[in-house]
Amino acid sequence: MAGIIESSPAHQNFSKYDIRVIIKFSVILGKDASCIYKDLVTVLRENAPSIQTVRKWVKAVSERRDDMEDEPRPGRPVTACGDANISKVLVSLSDNRRKTCEEISTETSMSRTSVFRVLTNKLNKKKKFSKWVPHLLTDEQKESRVNFSRNFLRRFQTEQNDFLGRIITGDETWVYSWDPETKRQSAEWRDFDEPRPEKVQGALKVMHMIVFDMNGVILRWPVPIGTTINAHYYKKVLQDKLRPAIRKKRPGLLESGILFHHDNAPVHTARAVTDVLAGYKWELLEHPRYSPNLAPCDFHLFPKMKEHLRGQRFETEEDIIQATKVAIKNLDKCSYVTAFKDWLQRIVKCANNGGCYVE
């Protein structure tokens, strides 16, 4: 049977009646329900009926039923998903797409179930929650993000992996003595009248400055407690910590030419800092405002690092520093390459969607 059906160019467009005739023919040939079902799945794949349906019609044929059509059903015909009701739902949604099924049901005099079926089955709609974005971007800011993305892609298309291999990127982040679990991890079984559990970050914290490239972390510098990170301090870290670290760990970068990337926080864009970078002949990659989702530290490295720290309690600053060191050491080496690949994909999306936020 399978061979006969496969010769047909429209074998996946069989009607229910056609399939029942095939079942009847197969029963006459002496095949059982399991064998018939396998034949149908082989040919029709996802369009095949269920094994229960096949058994039902094998039984009907075996009981000498000749008519392969459905028997008439009593009651009113189903009209819940008709054109009239679809129009009602569309009109109801036109002024407020946040309405619930109950609210639409009240307005249209339809049942909640009917409203849900129209929305999902006929209109192919799904209720989606709003996503958090760092900032409501202006048209000018979106244009800036597009320009950054296009310039970045132009360089990549010209230089390929040599371009990415010359980039080092960095930023600062707080690491706390107690970083709560995720919302799912913090869930507890409680009585109905008990309040939800609360969570708060630890009071003790250490600022870390981290710089990395496709090969891994170049600098992890814990800022001493009480130190203010201003332009002068940031400049000193570049001079006394980062440059020696690059000379030790990535000596080839100093020869090929460093492309330095950090966000546009005031500390990073201060004249004292840009003068130092210019003196080193490090090319500074621009970064658009309000764009943490285009900064590899923010969307990749820091979240990955803090996954290893969540749920742990640290008593001292040194405990935090050592735990952070271990967390970075435990990151997969491929993670850094993945960060740059993800960065490139985000930049492509940003260039193609008019500068809107991307995930």
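Look above for the structure.
Summary of the structure given here. Worth saying up front: this structure is predicted, and the values here are computed from it rather than measured.

Structural notes on the overall build of the chain
Here is step 1 of the chain: Helix and strand content of the chain: 16 helices and 5 strands.
Here is step 2 of the chain: Sorting the 359 residues of the chain into buried and exposed places 40% on the buried side.
Here is step 3 of the chain: Summed over all atoms, the accessible surface of the chain reaches about 22700 Å², with 51% contributed by carbon and sulfur.

Some points on helix H16 (residues 334-352)
Here is step 1 of the chain: A rise of 1.5 Å per residue sets the reference length of H16, with its 19 residues, at 27 Å; its end C-alpha atoms lie 27 Å apart and thus fit the reference within 8%.
Here is step 2 of the chain: All of the buried residues in H16 are Ser-335, Tyr-336, Ala-339, Phe-340, Trp-343, Leu-344, Arg-346, Ile-347, Cys-350 and Ala-351.
Here is step 3 of the chain: Taken from the residues just after H16, Gly-354 is the one with a positive phi, measuring 75°.

Let's talk about the nonpolar core
Here is step 1 of the chain: Counting residues in hydrophobic clusters, the biggest one holds 37 residues, and the most contacted among them are Phe-152, Phe-163, Leu-164, Ile-167, Phe-212 and Trp-343.
Here is step 2 of the chain: Put simply, the parts of the chain that give this core at least two residues each are helix H8 (139-159), helix H9 (161-165), strand E1 (167-176), strand E2 (205-213), helix H14 (296-307), helix H15 (317-329) and H16.
Here is step 3 of the chain: Take this core: its biggest share by element is 8 residues, from H16.
Here is step 4 of the chain: In this structure Trp-343 touches Phe-152, Ile-167, His-261, Leu-294, Pro-296 and Phe-299, once residues within four positions along its chain are discounted.
Here is step 5 of the chain: Within the second largest apolar cluster, 23 residues are counted, among which are Met-207, Val-237, Leu-238 and Ala-270.

Notes on unusual backbone geometry
Here is step 1 of the chain: The phi torsion at Asn-124 lies on the positive side, around 55°, for a residue other than glycine.
Here is step 2 of the chain: The residue Asn-124 is located in the loop between helix H7 (112-122) and H8 in this model.
Here is step 3 of the chain: Positive phi, normally seen in glycine, also occurs at Tyr-290, with a value near 55°.
Here is step 4 of the chain: Residue placement: Tyr-290 occurs in the loop between strand E5 (283-285) and H14.
Here is step 5 of the chain: Since its relative accessible area comes to 32%, Tyr-290 is described here as partly exposed.

Comments concerning the packing of aromatic side chains
Here is step 1 of the chain: This model, assessed by the stated rule, comprises 8 aromatic pairs.
Here is step 2 of the chain: Where Phe-152 meets Phe-163, the ring centres are 5.0 Å apart and the plane angle is 70°; that geometry is what we call edge-to-face. Of the two residues, Phe-152 sits in helix H8 while Phe-163 sits in helix H9, which places them 11 residues apart along the sequence.
Here is step 3 of the chain: On the accessibility criterion, Phe-163 (0% relative accessible area) is buried.

Let's talk about helix H10 (residues 231-249)
Here is step 1 of the chain: Relative to the 27 Å expected for 19 residues at 1.5 Å per residue, H10 spans 25 Å between its end C-alpha atoms, a close match to the ideal helical length.
Here is step 2 of the chain: A bend of about 35° at Leu-238 is the largest found in H10.
Here is step 3 of the chain: What H10 keeps buried is the set Ala-231, Tyr-233, Tyr-234, Val-237, Leu-238, Leu-242, Ala-245 and Ile-246.

Brief notes about the pattern of salt bridges
Here is step 1 of the chain: Taken as a whole and judged by the stated rule, the model has 11 salt bridges.
Here is step 2 of the chain: Taking the shortest distance from any N to any O, the salt bridge between Asp-95 and Lys-99 comes out at 2.9 Å.
Here is step 3 of the chain: With a relative accessible area of 10%, Lys-99 lands in the buried category.
Here is step 4 of the chain: For the salt bridge of Glu-159 with Arg-155, the shortest nitrogen-to-oxygen distance reads 2.7 Å. Of the two residues, Glu-159 and Arg-155 are both situated in helix H8; the distance of 4 residues between them amounts to about one turn of the helix.
Here is step 5 of the chain: Exposure remark for Glu-159: the relative accessible area of 24% places this residue in the partly exposed category.
Here is step 6 of the chain: A residue is classified by how much of its surface remains accessible, and Arg-155, at 23% relative accessible area, is partly exposed.
Here is step 7 of the chain: The network of salt bridges with shared partners includes Arg-155, Glu-159, Arg-166 and Glu-283.

Topic: the packing of helix H5 (residues 83-93) against H7
Here is step 1 of the chain: One can describe the packing of H5 onto H7 by two numbers: an axis separation of 10 Å at closest approach and a directional angle of 90°. As the angle between them shows, H5 and H7 are arranged roughly perpendicular. Taken together, the residues of H7 that come into contact with H5 (itself represented by Ile-86, Val-89 and Leu-93) are Val-118, Leu-119 and Lys-122.
Here is step 2 of the chain: Partitioning the contact of H5 with H7 into residue classes produces 5 nonpolar, no polar and 1 charged.

Conventions adopted
Residues numbered from 1 in each chain as written. Predicted model: local features only at pLDDT ≥ 70, side-chain atom pairs only at ≥ 80, totals over all residues. Heavy atoms only, no water. Helix = DSSP H or I, 4+ residues; strand = E, 2+ residues; numbered from the N terminus. Buried < 20%, exposed > 50% of the residue type's maximum accessible area, 1.4 Å probe, protein only. Areas by Shrake-Rupley, 256 points an atom, 1.4 Å probe, with all protein chains shown as cover. Expected span 1.5 Å × (residues − 1). Core = buried A, V, L, I, M, F, W, Y, C linked by side-chain atoms within 4.5 Å. Contact = heavy atoms within 4.5 Å. Phe/Tyr/Trp six-rings, centres within 6.5 Å; stacked < 30°, edge-to-face > 60°. Bend = angle between axes of the 7 residues up to and from the residue. Salt bridge = Lys/Arg side-chain N within 4 Å of Asp/Glu carboxyl O. Axes fitted to C-alpha atoms, helices over the stretch in contact; angles between N-to-C directions. Parallel < 35°, antiparallel > 145°, perpendicular 65-115°, else oblique. Nonpolar A, V, L, I, M, F, W, Y, C, P; charged D, E, K, R; others polar.

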